[in-house]
Amino acid sequence: MSIVFLYIVHHIVLCLGLASSLTIDVFIIIVEKTKQIRGIEKRIMNRILSYSFIFSLFIFLMQLIYICLIYLNQNEFSVKVYSFSVITFFISAILLFCTAIQKYYQFKILERYQEAHSHLSDSFIKHHKELKRTSIITLILWLALYITYILI
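Remember, it's a predicted structure, so these values are computed and weren't measured experimentally. (Residues numbered from 1 in each chain as written. Predicted model: local features only at pLDDT ≥ 70, side-chain atom pairs only at ≥ 80, totals over all residues. Heavy atoms only, no water.)

Q: Let's hear about the packing of aromatic side chains: which residues, and what values?
A: Scanning the entire structure with this criterion turns up six aromatic pairs. A ring pair is formed by Tyr7 and Tyr149, whose centres lie 6.2 Å apart and whose planes are at 55°; its orientation type is tilted. With a gap of 142 residues between them, Tyr7 in helix H1 (residues 2-34) and Tyr149 in helix H5 (residues 130-151) connect regions that are remote in the sequence. Residue classification places Tyr7 among the partly exposed positions, given a relative accessible area of 30%. Relative to Tyr149, the ring of Phe84 lies with its centre 5.4 Å away and its plane at 65°, an arrangement referred to as edge-to-face. Of this pair, Phe84 sits in helix H3 (residues 79-117) while Tyr149 sits in helix H5, placing them 65 residues apart in sequence. The exposure class assigned to Phe84 is partly exposed, which follows from its relative accessible area of 21%. On the basis of relative accessibility, which here comes to 4%, the residue Tyr149 falls in the buried class. Among the aromatic residues, those joined into a cluster by ring pairs are Tyr7, Phe84 and Tyr149. (Phe/Tyr/Trp six-rings, centres within 6.5 Å; stacked < 30°, edge-to-face > 60°. Helix = DSSP H or I, 4+ residues; strand = E, 2+ residues; numbered from the N terminus. Buried < 20%, exposed > 50% of the residue type's maximum accessible area, 1.4 Å probe, protein only.)

Rendered as structure tokens:
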């Protein structure tokens, strides 16, 4: 019964995390297009990045609990289930790392630059594409986790 509950909560958090990742990607595209972050956009992006980080942390912890439950009950689960849980655990660990970097490092640099110069110059956009690349990687990781759990 506990694995079924964990599975349901896992799906809900996956959906919310995927939605927050899609939303932040749209904001990053808008910021790159206008080369300026308004105050309300900065607050929205910060909040959504917080949600994305929290959801990725929950996913990571649920994957850790799930892998521990499978390890403790090895007689009930096959090697395929165990290997699948190990792979998804590593994907969730990479996802947690990427969302943490995106929220606590890259977005903070973007905010500081915006406050110092009141706009995002072309050179900043050209030389600091890490936020865009990280958001694409995070979106792909969210989609990979979601698709793998839909296919089960």
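Q: Please provide a residue-by-residue account of H5, values included.
A: Compared with an ideal rise of 1.5 Å per residue, which puts 22 residues at 32 Å, H5 spans 31 Å between its outermost C-alpha atoms and is within 8% of the ideal. Among all positions in H5, only Leu131, Thr134, Ser135, Thr138, Leu139, Leu141, Trp142, Leu145 and Tyr149 are buried. Relative to the axis of H5, the buried residues are bounded by an arc of 160° and lie together on one face. Along H5, exposed side chains directed more than 90 degrees from the buried face belong to Arg133, Ile140 and Leu151. (Expected span 1.5 Å × (residues − 1). Arc of directions from axis to C-beta.)

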